[in-house]
Amino acid sequence: GDFVEALARWSAAASAYEAAGNPEGQVTALLRGAEAELSLGRGPDAVSRLQKALDVAQRIGNVSLLFGVESSLGNAYALTGRDADAERLLRSSVDRALTAGDTQTVARALNNLGNLLALQGRLGDARRSYREAIAAASSTGAKAIVVRASGNLARALIDDGRYGEA
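Cut-offs applied
Residues numbered from 1 in each chain as written. Predicted model: local features only at pLDDT ≥ 70, side-chain atom pairs only at ≥ 80, totals over all residues. Heavy atoms only, no water. Axes fitted to C-alpha atoms, helices over the stretch in contact; angles between N-to-C directions. Helix = DSSP H or I, 4+ residues; strand = E, 2+ residues; numbered from the N terminus. Parallel < 35°, antiparallel > 145°, perpendicular 65-115°, else oblique. Left-handed = near helix turned anticlockwise from the far one by under 90°. Contact = heavy atoms within 4.5 Å. Polar contact = N/O pair within 3.5 Å; in protein donor to acceptor, adjacent residues only side chain to side chain. Core = buried A, V, L, I, M, F, W, Y, C linked by side-chain atoms within 4.5 Å. Buried < 20%, exposed > 50% of the residue type's maximum accessible area, 1.4 Å probe, protein only. Expected span 1.5 Å × (residues − 1). Salt bridge = Lys/Arg side-chain N within 4 Å of Asp/Glu carboxyl O. pLDDT = per-residue confidence, 0-100.

## Notes on the packing of helix α3 (residues 43-60) against helix α4 (residues 63-79)
One can describe the packing of α3 onto α4 by two numbers: an axis separation of 9 Å at closest approach and a directional angle of 160°. Viewed along their axes, α3 and α4 adopt a mutual orientation that is roughly antiparallel. Pair α3 / α4 crosses with left-handed handedness. Taken together, the residues of α4 that come into contact with α3 (itself represented by V47, L50, Q51, A53, L54, A57, Q58 and I60) are L65, L66, V69, E70, S72, L73, A76 and Y77.

## Considering the side chain of E70
Structurally, the position occupied by E70 is in helix α4. At 3.2 Å, the side chain of E70 forms a polar contact with the side chain of R96. Residue contacts for E70: discarding those within four places in its chain leaves L54, L89, S92, S93 and R96.

## A few points about the nonpolar core
One finds V27 and L73 to be the most contacted residues of the largest nonpolar core, which totals 49 residues. When contributions to this core are tallied by element, the ones reaching two or more residues are α1 (2-19), α2 (23-39), α3, α4, α5 (83-100), α6 (103-119), α7 (123-140) and α8 (143-159). Excluding residues within four positions of it along the chain, V27 makes contact with A53, V56, A57, L65 and V69.

## Digging into α5
Taking 1.5 Å of rise per residue, 18 residues should cover 26 Å, and α5 covers 25 Å from first to last C-alpha, within 8% of that figure. Restricting attention to buried positions, one finds in α5 the residues A86, E87, L89, L90, S93, V94 and A97. The secondary structure elements touched by the buried residues of α5 are α4 and α6. Positioned one or two residues after α5, G101 has a phi angle of 75°, which is positive.

## Notes on the pattern of salt bridges
Under the criterion given, the structure shown has 15 salt bridges. Salt bridges sharing partners connect three or more residues here, namely E87, R91, R122, D125 and R128.

## A few points about the packing of α2 against α4
The geometry of α2 relative to α4 is characterised by a closest axis approach of 11 Å and an angle of 20° between their N-to-C directions. When the axis of α2 is compared with that of α4, the two are roughly parallel. Note on packing geometry: the crossing formed by α2 with α4 is left-handed. Where α2 approaches α4, its residues E24, V27, T28, L31 and L38 are matched on the opposing element by L65, G68, V69, S72, A76 and L79.

## Focus: the confidence of the model for the chain
Residues shown with low pLDDT carry predicted positions that ought not to be read at fine detail. In the predicted model, the chain carries a mean pLDDT of 94, and 100% of its residues have values of at least 70. Per-residue pLDDT, averaged within each element of the chain, yields its smallest value for α4 (88) and its largest for α7 (97).

## A word on the environment of L50
Take L50: it is sitting in helix α3. A relative accessible area of 1% means that L50 is categorised as buried. For the pair L50 and G114, spaced 64 residues apart in sequence, the C-alpha separation works out to 20 Å. Excluding residues within four positions of it along the chain, L50 makes contact with L31, A34, V69, S72, L73 and A76.

This is the structure we're talking about:
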């Protein structure tokens, strides 16, 4: 119920922002709608929304929105089995956000990359990615990302039999 309602509202908001000539608002609404789609298990629909958001962010040249969309799209690719696309996009997002000094996006993308690597059974690489995400998020005070990446790191350690480190 709630995600369906949220999806309808974000869809209406994206259309309204587009009609009003507010591409930044449109991208944000598309991102939030994609999050609702993922919560409903509609990965392909989320990817479609995020690809549209990526097109708009690229067209207007808003770098911070672009980084956020790339990270979210990489995560959606991972959740829909497009691992190679996901890894390429997440690594690109990390590199570009590092260059731009957008440490929160770096942390978010590294956490998402860690999730992908863990799903692939690349637990050592996943642990490194989570640790880097925690360091980046800590440096900006992004507590929610620290908590999320820390939990993911603990899960990767347990999955790898490293209970004492978890």
